[in-house]
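# Structure assessment
The primary structure of each chain is shown beneath.
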Amino acid sequence: MAAEVLAAPQEGQGGLFGAIERIGNKVPHPVLMFLYLIIGVIVLSHILFLFGVSVTDEVATPVPKAQLADLRNALGGSVVPYDQNTGQVLELPDFIIQEQTIPIRSLLTVEGIRHIFTSFLPNFSGFAVLGVTFIALLGAGVAEEAGLMSALIRRLVKVAPAGALTFIIVFVGVLSSIASDAGYLILIPLAAAAFASIGKHPLVGLAAAYAGVAAIFTVNVVPAPTDAMLTEITNESIALAGGAPITLGANLFWNAGSAILMAIVATVVTNRIVAPRLGTWNPAEGQANATSDKVELAPEVEARGLRNALFGFLGVLVLITLLTLIPGAPLSRPEGQVDGNSPLMDSLLFVITLFFLVSGILFGRTVGTIKSSADVIKAVTKTFAGLAGMVFMLLMISQFIAFFNYSNMPTVIAVNLAGVLQQANIGALPLLIVMTLVIMLLDFIMPGSVPKWAIFAPIFVPLFIRLGVAPESVLAAYRVGDSPVNPITPLMVYLPFILTVAQRYQKNAGIGTIISLMLPYTIAIAIAWIVLLSIWFILNIPLGPGYFPQVAGLLMAVL
């Protein structure tokens, strides 16, 4: 029996994905890998600088509305933007289109070397993922140490229909984009533990959750905060062609349909490819006590703890509701809206932390795993201590990303590729598909959704309008290109955390392990999504209420 258990994982090491895993795991430690990449960026930036490489392009740039508001307040509210012709006060947009000449900046000039030394600390301290990780895991760490996470996993496994657990995890991962980065930090560890609790390979659960969170990131059944920024950039780009702006619901049907269908694709990949490849899991492959429950509770005690945790959850929910819906509420916008970039959406990660923190404390107090505030502090300290190795990796990743962006190489590459596409004399749908593939390629070096769209939108939205393609179609195609590569790019900022979780259950896991696990999702989701986009476009199915992919009338008007 032992021989069977040990043999199954070895079988999974064969084939293309096994070769990718072995090769990937032979690359240097991630810290060293990013150190080498930093050196490479520094040298390459100087070579390109000596050749005078640059691009000139129209780019959507954010308007510093917060800084302007601070200036206006400092001057007593006397400075307001207004139209010189009409004398009317202007409402500032979130983004404006500006023509910029973007040269390659060398990191070996006097200015570049000065930047390396003076920005090293700000690069790390300002790396958003660092604070996000600690805040998100503060509440989750307390809930885990209290035993709430284990209880929730047991309850989820018990109530989930047979065979539906994988889809539930993937789909919850898709929905988690509403809460920004919470899916990476909370759902992925939970999914791995859930699969371990039912005797399945934990990395299967990890991969399913990671696919839902990262590979299907830009769509959801409801509008997410990122949608507001993407829509605003699209509208500024539409203005270049004199078109009518779109609303936040322009991709509503497309986003919801894509979220459900791509979750199904990810579920099939999990069950048909990833799970068979990994085979049976041997707990001895993981770290000590990686899967053992921290507490053994009588069913009635656990039920009482879950009931009190629910009361805590509802208490926080009532508090957040009051802070959002009452007149003049601090978590809503001045006009009373709570969608888009409202304070509620901006603070959603902290709200989730409160849910876990309060529920975890009440659960622990009820079942006896938390007896005093010292136990809460101990749980948080233990959680943070387990992140030490990841923090070191983030230090190097933050420097690489900052230096890479300082050199302007990502922007120059993106604009040049966009220029090649703009010159391509092919049909509207083939061009839309090629644009999608180029965005996927660029996602390896520019994982952020908003920065890429700020470069591409001013180029392609007006171009496709002239071809009779609605701007909402271009935005839908961008969503397709922006997500599938996320789980396999080394620049994914949460990759160190994913690797840390994987090593709990497979001590020898490396970056190659993660990439080989996620590559089938990237391939399958990319193909299925492009096919779906083509069908949607050809049949002219509405992308949102009143928004159609093709605008034949506009095409005739332009011609």
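Let me sum up the structure you'll find in this document. (Residues numbered from 1 in each chain as written. Predicted model: local features only at pLDDT ≥ 70, side-chain atom pairs only at ≥ 80, totals over all residues. Heavy atoms only, no water.)

### Thoughts on the layout of surface pockets
There is about 1,500 Å³ of room inside the largest pocket. Around the largest pocket sit 46 residues that line it, and Pro447, Gly448, Ser449, Val450 and Pro451 are the ones nearest its centre. When residues of the lining of the largest pocket are assigned to their parent elements, the largest contribution, 5 residues, is made by helix H20 (residues 449-466). In terms of residue class, the lining of the largest pocket is built from 32 nonpolar, 12 polar and 2 charged. (1 Å grid on protein atoms, 1.4 Å probe; cavity = no way out; pocket = protein on both sides within 12 Å on 5 of 7 lines; lining within 4 Å. Points joined across faces, edges and corners; volume = space filled by probe spheres on them. Helix = DSSP H or I, 4+ residues; strand = E, 2+ residues; numbered from the N terminus. Nonpolar A, V, L, I, M, F, W, Y, C, P; charged D, E, K, R; others polar.)

### A word on the pattern of salt bridges
Pairing between side chains of opposite charge can happen when their charged atoms approach one another. The tally for this structure, following the rule as stated, stands at 5 salt bridges. The partner of Asp227 in a salt bridge is Arg479, with the nearest N and O atoms 2.7 Å apart. Of this pair, Asp227 sits in helix H11 (residues 225-240) while Arg479 sits in helix H21 (residues 471-482), placing them 252 residues apart in sequence. Taken as a pair, Asp227 and Arg479 share a single burial class, namely buried. Across the pair Asp443 and Lys452 runs a salt bridge, and its minimum N-O distance is 2.9 Å. Here the two residues Asp443 and Lys452 agree in accessibility, since each one is buried. Shared partners join several salt bridges into a network, and the residues in it are Asp443, Lys452 and Asp482. (Salt bridge = Lys/Arg side-chain N within 4 Å of Asp/Glu carboxyl O. Buried < 20%, exposed > 50% of the residue type's maximum accessible area, 1.4 Å probe, protein only.)

### Considering the packing of aromatic side chains
All chains considered together, the criterion is met by 12 aromatic pairs. Ring centres of Phe134 and Phe384 lie 4.8 Å apart, and the angle between their planes is 85°; on these two criteria the pair is classed as edge-to-face. Here Phe384 lies in helix H16 (residues 373-385) and Phe134 lies in helix H6 (residues 128-146), a separation of 250 residues in the sequence. For Phe134, a relative accessible area of 23% translates into the label partly exposed. Classification of Phe384 by relative accessible area gives partly exposed; the value is 27%. One aromatic cluster is present, formed by Phe34, Phe400 and Phe404 through successive ring pairs. Here Arg105 stacks its cationic end above the ring of Tyr406, 3.9 Å away from the centre of that ring. (Phe/Tyr/Trp six-rings, centres within 6.5 Å; stacked < 30°, edge-to-face > 60°. Lys NZ or Arg CZ within 6 Å of the ring centre and 35° of its normal.)

### With respect to helix H9 (residues 182-197)
With 16 residues, H9 should cover 22 Å at 1.5 Å per step; its first-to-last C-alpha distance of 22 Å lies within 8% of that length. Counting buried positions along H9 gives 13 out of 16 residues, so the element sits mostly inside the fold. Positive backbone phi, approximately 80°, marks Gly199, located one or two places after H9. (Expected span 1.5 Å × (residues − 1).)

### Some details on the environment of Asn251
Among the structural elements, Asn251 can be located in the loop between H11 and helix H12 (252-278). As for Asn251 and Pro549, which are separated by 298 residues in sequence, their C-alpha atoms are 10.0 Å apart. The contact partners of Asn251, leaving out residues within four places of it in the chain, are Glu472, Leu475, Ala476, Arg479 and Leu543. Of note is the side chain of Asn251, whose polar atom sits 3.5 Å from the backbone nitrogen of Ala476. (Contact = heavy atoms within 4.5 Å. Polar contact = N/O pair within 3.5 Å; in protein donor to acceptor, adjacent residues only side chain to side chain.)

### Observations concerning unusual backbone geometry
Look at Asn408: it is not a glycine, yet its phi comes out positive at around 70°. Looking at the secondary structure, you find Asn408 in the loop between helix H17 (388-406) and helix H18 (409-423). Here Asn408 falls in the buried class, since its relative accessible area comes to 14%. Phi angles above zero are rare outside glycine, and Asn540 is one such case at about 55°. Within the element layout of this structure, Asn540 appears in the loop between helix H23 (511-538) and helix H24 (552-558).

### Quick word on a nonpolar patch on the surface
A grouping of Leu32, Leu35, Tyr36, Ile39, Val43, Leu44, Ile47, Phe49, Leu50 and Phe51 is seen on the molecular surface, where their side chains present a nonpolar patch of about 960 Å² in accessible area. Note that Ile39 resides in helix H3 (residues 30-50). Judged by relative accessible area, which is 46%, Ile39 ranks as partly exposed. (Patch = residues over 30% accessible without salt bridge, like charges linked within 9 Å, V, L, I, M, F, W, Y side chains within 5 Å. Areas by Shrake-Rupley, 256 points an atom, 1.4 Å probe, with all protein chains shown as cover.)

### As for the side chain of Thr133
Inspection of the secondary structure puts Thr133 in helix H6. On the accessibility criterion, Thr133 (1% relative accessible area) is buried. Filtering out sequence-adjacent residues up to four positions away, Thr133 remains in contact with Leu185, Leu387, Met390 and Tyr494.

### Details of empty space enclosed by the protein
For the structure shown, the criterion picks out 3 cavities of 30 Å³ or more. In this structure, the largest cavity spans a volume of roughly 80 Å³. Forming the boundary of the largest cavity are Ser177, Phe217, Thr218, Val219, Asn220, Ala224, Thr226, Asp227, Leu230, Asn255 and Arg479. In terms of residues, the lining of the largest cavity owes the most to one element, H11, which gives 3 residues. Its residues assigned to classes, the lining of the largest cavity shows 4 nonpolar, 5 polar and 2 charged. Forming the walls of the second largest cavity are Pro30, Phe34, Met393, Ile397, Pro490, Met492, Leu495, Pro496, Leu499 and Ile511. Listed by contribution, the elements that provide at least two residues to the lining of the second largest cavity are H3, H17 and helix H22 (495-505). Top element by residues in the lining of the second largest cavity is H22. It accounts for 3 residues. Counted by class, the lining of the second largest cavity contains 10 nonpolar, no polar and no charged residues.

### Here we look at the nonpolar core
In terms of nonpolar packing, the biggest core is built from 158 residues, with Tyr210, Ile216, Trp453, Phe460 and Tyr521 touching the most fellow members. A total of 14 residues in this core trace back to one element, the largest contributor, which is H23. If we skip the residues at most four places from it in the chain, Tyr210 touches Tyr184, Ile188, Ala215, Asn486, Pro487, Met492, Leu495, Ile498, Ile514 and Met518. Counting residues in each nonpolar core, the second largest holds 6 residues, with Val316, Leu344, Val351 and Phe355 among its members. (Core = buried A, V, L, I, M, F, W, Y, C linked by side-chain atoms within 4.5 Å.)

In short, the description is geometric, and any link to function would need to be established separately.
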